[in-house]
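Residues per chain, in single letters:
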Amino acid sequence: MSFVGWLQIAALFLAVLAVIKPLGLYMARVFQGERTFISPVLAPVERGFYRLAGVDDQREQGWLAYAFAMLAFSIAGFVSLYAILRLQAFLPFNPQGFTGVAPDLAFNTAISFLTNTNWQNYAGETTMSQFSQMAGLTVHNFLSAASGIAMAMALTRAFARSKAKTLGNFWVDLTRATLYVLLPLAIVVTVVFIAMGLPQTLGASITATTLEGAHQVIALGPVASQEAIKQLGTNGGGFFNVNAAHPFENPTALSNLLNIFAMLSVSAALVYTFGQMVGERRQGWAFLATIAILLIVGVGVVYWAEAQGNPILTALGLDASGGNMEGKEVRFGQSASALYAAVTTGLSDGGVNAMHGSLTGLGGLVPMFLIQLGEVLPGGVGSGLYGLIVFAILAVFVAGLMVGRTPELLGKKIDGREMKFAMLAVLILPLAILGFTAVSVMIPAGVASIGTPGPHGLSEILYAYSSAAGNNGSAFGGLSGNTPWYNATLAIAMLLGRFAYVIPVLAIAGSIAAKVRAPASSGTFPTHGPLFVGLLIGVILILGGLQFFPALALGPIVEHFATLAGQTY
Amino acid sequence: MSSTHRPAAAKNRASGILDPAILVPAVGSAFAKLDPRQLMRNPVIFVTEIVAALVTLFFVRDLLVHEEAGFSGQIAAWLWFTVLFATFAEAVAEGRGRAQADSLKRSRSDLSARRLAAQGEATETVAATDLRIGDVVLVETGELIPGDGEVIEGIASVNESAVTGESAPVIREAGGDRSAVTGGTQVLSDRLKIRITTAPGSSFVDRMIALIEGAKRQKTPNEIALSILLSGLTLIFLIAVVTLWGLALYSGTVLSVTVLAALLVTLIPTTIGGLLSAIGIAGMDRLVRFNVIATSGRAVEAAGDVDTLLLDKTGTITFGNRMATDFLPAPAVSDADIAEAALLASLADETPEGRSIVALAKGEYAISSLDVTPDAIIPFAAETRLSGVDIGGRRIRKGAVDAVLRFAGIGPDRIPPAFQADVDRIARSGGTPLAVSDGERLLGVIHLKDVVKPGIKERFQQMRSMGIRTVMVTGDNPVTAATIASEAGVDDFLAEAKPEDKLAYIRKEQEGGRLIAMCGDGTNDAPALAQADVGVAMQTGTQAAREAANMVDLDSSPTKLIEIVEIGKQLLMTRGSLTTFSIANDVAKYFAIIPALFVATYPALAALNIMALGSPRSAILSAVIFNALIIVALIPLALKGVSYRPVGAAALLRRNLLVYGLGGLVLPFAGIKLVDLAVNALHLV
């Protein structure tokens, strides 16, 4: 570990901290339907959309109508994306002449982008036409993120309102999230990325002649634009197979910081938006403190573990001061790689700038564990916020009774109905992650894809399903995921992780909105302040993470201790 | 707890937690409660029972195939103990109320009634159980009242000690607020005609018995929510344990059902699952010991949530009678002169006001007892509005200011300005001025006022720190009300309050999301009692009030509301603390069991065995034993409730989180280690 390394990490967190409040306030205005500085330009466009779609933007929806609108929109999105991928051979902007994507891969990919996961069982540069990348995948990078924000806003309004029947209008929230938040930010970030040297072209790949005289095909495309929304929407699906480790996606240490900054800022600012909209900014800061503590500890552990290097190689005489550089880009090193790894997994982004499978045992444990915690640190745009609120509901319920009152969060009493849906939601992750992992390690179709046998192989599979169910999308590497078994089951895990989670959340929103918002008193459980932050961290770790401990013990944990003991498999 | 006088019978109800008379029968009923149909109500313990049965099957198989069966046998035994300890906790909680229920049942049995015919005075003797609503019965001296009802004719003194534990008889009469009678109580004098208002089996005593025995106990909303959380956690750990079998298989370990069962049962929240119903029963029982009967557990929980207390001024906040607090002499009159005169004028006055004047003169003004015999005593009369004595030629009078001035012959123009100022000040502050004169000499004014009970202000301060607002309800005018309100330190008051004002106030507060508690006794309180989230009726109140309320205070003490709130809070706190403890326990159990399961395959995992437990088998067995014993160890806490202090929520949370959260995290590490040392020392595995 070095001072410069820590400085880089500190600089990033400070930059994000600086942007949280202005961006959070701006989004609060957007979703409360107020005018913003950009309204003169965008409001006519927005109205035009509503007129075209026949949406009455004044009419609000109850939780069921909201959920149905979201589901209908998702189904339509899936069908169109699947069709684009299958038919890309007949569609324009296909300079490489790629054929249609295979059915199982197209299914997996469509689900993956629909659910904001961006798990990629394909190599973009050798599979997808420019049209598929732009009109298919990039569009969903916007829409899946916008729909996540919409659902988070529905839950936010549930807390902000008292005795309300409606949560807002899904179509309005979706339009506003795209038009007012994601699109302007993406344009700015794209331009900066182009300035940093990322390619942005509709042209085909070029063939270069290397010094040895060999021919090398260098893939190009609309990289900068996809990269921008990939991060802003916490999508993570790279243009290239190796994602942000590729020099065209992430050429410099500065672009690396901008990558991380872009993915973290919107999601973190949304937490502030929540506090602002419910009229309790301290609540937003308490959530942000929880996130920051867990995330910084995560970054620190990965950085420390990677800087220690591999004791087995050290024993063979390798200089340990260089740390573990396997699978890392030299232009990033341990610090920037650790930062990226922890943030991308805490966030449900899923982009990577290093091979997570090549991290040390402990270094690999952290990203996997951060995903398994439920992607709430601060999680995917929107999805992280509502996941965090589910944990907050559980935390006030478990400990809130200790002050001798029926537990409340922001003046809303938490009772059987909220508890039922919250438990339904948190059941999804262990079911999808542990269930599919256990089946996969027992059947030949599952084991055959493993890259490295032994505990590392278990980690590969465990990571894959964690990533899918957590809608993260990053891969441990090593696992050959493009098989019918994994294409199908990973897609199911992604669907469960998104929809089987968010529908109970919307049901909670419906029930919370209908309740009277009771004023706080000194007898109320205080949900801001260090005590609550500590409690929430405890609940996230114990209720969110503990059930994965046995599985982790057989994967990265045993790897960690075995490496220390000089043992390999 | 308050220092209020507790009747003797109520004390008898309180029995120690380790009373053999309760523990011995509880062992029997703990086994009876193993019936799966009963246990289904408690998902966590039900799962434990299924798992215990499963491991028992494997133990029997091990025996039959002559494999080493000691380990699975011991695990099976301790899993059964886990279930038994949970049912035992419930049985003990129920047992504590049973003795009381039995004595109540005796008061009810073999009752007969003299039913009046529809017309005339003819009576027929029928069994009390044959009485129907609307029947009219006659009860005379020495007889037991056969059922709950309302007095429609007569007045009598009634011994209600069978129900309230209070041995002093109470008056019951037709009409007014003292017309309700309870079945099983005894008429001591005179005769009553009573209209029966409840059907047999649903009378007050019946409800009380059912409540105490916990027989008709229904889960409260909060208990339901907690059960959902616990069931959800059980499911999550079931998934974790079942899938672990597959993951272990991949890793080259075949896990036996016995060890998986051990892992599952130690992870699922058996501690709180096993104690949950005991906590609920004990909470109701605490209320009963406090001589309050709740119609449902829901009301007890609501009491913990109360935001606003509506308290009647009279009897709760003030003593209910005006008392003399000050003598203000007129110009050129000494303190001793007016005090002496006031004392003399009140010697024969037996009203509370008169007695308070005597007490003030003798106490604060140190006037010694005068050994004089008055020549004539002038009692208070409505026309003169004066009272006093003629003594040795002195004509001492006290009374309403204008009446005394007239008596002394002082015209409006001759009133001393200082005297008038005192009178005005007293009136403005909501007090009552009484003038005193000796013949034509005006001596001064006595300040009579409502006196706030000592300690009540501190009590309200505590309430405030708990986030509870206190609202005083009084029929006084706003000036008087404001004075007393500020003196007592209540947050708000309702002056010149009519019953419908109370109802409106409650509705308004509830609109704002607040929960309201109030107590009342009159029929005109009934709508407000029904509307309030916690309505406490006095046992001495009318039947209508008792029906509308969700709690009845047998001591008829209006301050009881404060204790009821504390009991409600304590119930919720106990639940929350043990839930937190139970969940925090899991961390240590993972560290005990996971390395034990896999150390054979992956020796490197021995590093996770941070407790340095003897062997894999002893580690697993120790975790299971600890998990079972902790239930027993916590039974006293579940029954007594965690200690409650009236400090703010933040301070309570900090303390309980430290004790039960951090304690729950750390304690099992030490506990499992100790059990492991014992297991190895005894060579159990």
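Residues numbered from 1 in each chain as written. Chains lettered and ligands numbered in written order. Predicted model: local features only at pLDDT ≥ 70, side-chain atom pairs only at ≥ 80, totals over all residues. Heavy atoms only, no water.

Draft legend 1. Representation of the layout of surface pockets. Residues and elements named next belong to chain A. Within this model, the largest pocket holds a volume of roughly 1100 Å³. Forming the walls of the largest pocket are 43 residues, and the residues nearest its centre are Phe 369, Gly 538, Leu 541, Ile 542 and Leu 546. Top contributing element to the lining of the largest pocket by residue count: helix H19 (residues 530-545), with eleven residues. Among the residues forming the lining of the largest pocket, the class breakdown is 35 nonpolar, eight polar and no charged. (1 Å grid on protein atoms, 1.4 Å probe; cavity = no way out; pocket = protein on both sides within 12 Å on 5 of 7 lines; lining within 4 Å. Points joined across faces, edges and corners; volume = space filled by probe spheres on them. Helix = DSSP H or I, 4+ residues; strand = E, 2+ residues; numbered from the N terminus. Nonpolar A, V, L, I, M, F, W, Y, C, P; charged D, E, K, R; others polar.)

Draft legend 2. Here's a closer look at the sheet that holds strand S6 (residues 170-173) of chain B. Residue and element names in this part refer to chain B. Pairing in this open sheet of three strands is antiparallel, and the strands run S6-S5-S8 from one edge to the other. Because the sheet does not close on itself, it has two edges, and the strands there are S6 and strand S8 (186-187). Bridging between strand S5 (residues 155-159) and S8 involves two bridges; their strand directions are antiparallel. Looking at S8, one finds that Asn 159 is bridged to Gln 186. (Pairing = 2+ DSSP bridges.)

Draft legend 3. Representation of the sheet that holds strand S10 (residues 292-294) of chain B within the structure. All names here are of chain B. One open sheet holds the seven strands; their spatial order is S10-S22-S21-S20-S11-S18-S19, and the pairing between them is mixed. The open sheet has two edge strands, S10 and strand S19 (492-494), and neither has a second partner. Mean inter-strand twist for the sheet, computed between neighbouring axes without regard to direction, equals 20°. As paired strands, strand S11 (residues 308-312) and strand S18 (residues 469-473) are joined by five bridges and run parallel to one another. Bridge pairing in S18 links Thr 308 to Arg 469. Running over the sheet, helix H19 (residues 499-511) touches S11, S18, S19 and strand S20 (516-520) and is turned about 165° from S20. (Axes fitted to C-alpha atoms, helices over the stretch in contact; angles between N-to-C directions. Contact = heavy atoms within 4.5 Å.)

Draft legend 4. Looking closely at the packing of aromatic side chains. Residue and element names in this part refer to chain A. Applying the stated criterion to the full structure yields 25 aromatic pairs over all chains. For the ring pair Tyr 26 and Phe 37, a centre distance of 5.8 Å and an interplane angle of 45° mean the geometry is tilted. Separated by eleven residues along the polypeptide, Tyr 26 in helix H1 (residues 3-31) and Phe 37 in the loop between H1 and helix H2 (39-53) bring together distant segments of the chain. Grouped by ring-pair contacts, the aromatic residues Phe 159, Phe 274, Phe 287, Phe 525 and Phe 532 constitute a single cluster. Above the face of the Tyr 180 ring, Arg 176 is positioned so that its terminal group lies 4.7 Å from the ring centre. (Phe/Tyr/Trp six-rings, centres within 6.5 Å; stacked < 30°, edge-to-face > 60°. Lys NZ or Arg CZ within 6 Å of the ring centre and 35° of its normal.)

Draft legend 5. Spatial organisation of the domain arrangement of chain B. All names here are of chain B. Splitting chain B by domain gives domain 1 (20-98 + 212-287 + 566-682), domain 2 (292-317 + 453-554) and domain 3 (318-452). The C-alpha-based centres of domain 2 and domain 3 are spaced at 36 Å. Each partner contributes residues to the interface: domain 2 has 15 residues there, and domain 3 has eleven residues. Interface of domain 2 and domain 3: buried area, both sides summed, is about 930 Å²; carbon and sulfur atoms make up 57% of it. The largest contributions to the domain 2 side of the interface with domain 3 come from Lys 453, Ile 484 and Glu 487, which together make up 43% of the buried area. The partner of Lys 313 in a salt bridge is Asp 450, and the shortest N-O contact between them spans 2.4 Å. Secondary structure elements with two or more residues in the side of domain 2 that touches domain 3: helix H12 (313-317) and helix H18 (478-488). (Domains from an automatic or database assignment. Buried area = accessible area lost by both parts, 1.4 Å probe. Salt bridge = Lys/Arg side-chain N within 4 Å of Asp/Glu carboxyl O.)

Draft legend 6. Looking closely at unusual backbone geometry. For the peptide bond that leads from Leu 377 of chain A to Pro 378 of chain A, omega is -10°, which places it in the cis range. Mapped onto the elements of the fold, Pro 378 of chain A is located in the loop between helix H13 (361-372) and helix H14 (383-400). Its identity as a non-glycine residue notwithstanding, Asp 190 of chain B has a phi of 65°, on the positive side. Mapped onto the elements, Asp 190 of chain B comes out in the loop between S8 and strand S9 (192-196). Judged by relative accessible area, Asp 190 of chain B falls into the partly exposed class, the value being 47%. Positioned with a positive phi, Asn 291 of chain B is a non-glycine residue whose angle comes to about 65°. Topologically, Asn 291 of chain B is positioned in the loop between helix H10 (270-289) and S10. (Buried < 20%, exposed > 50% of the residue type's maximum accessible area, 1.4 Å probe, protein only.)

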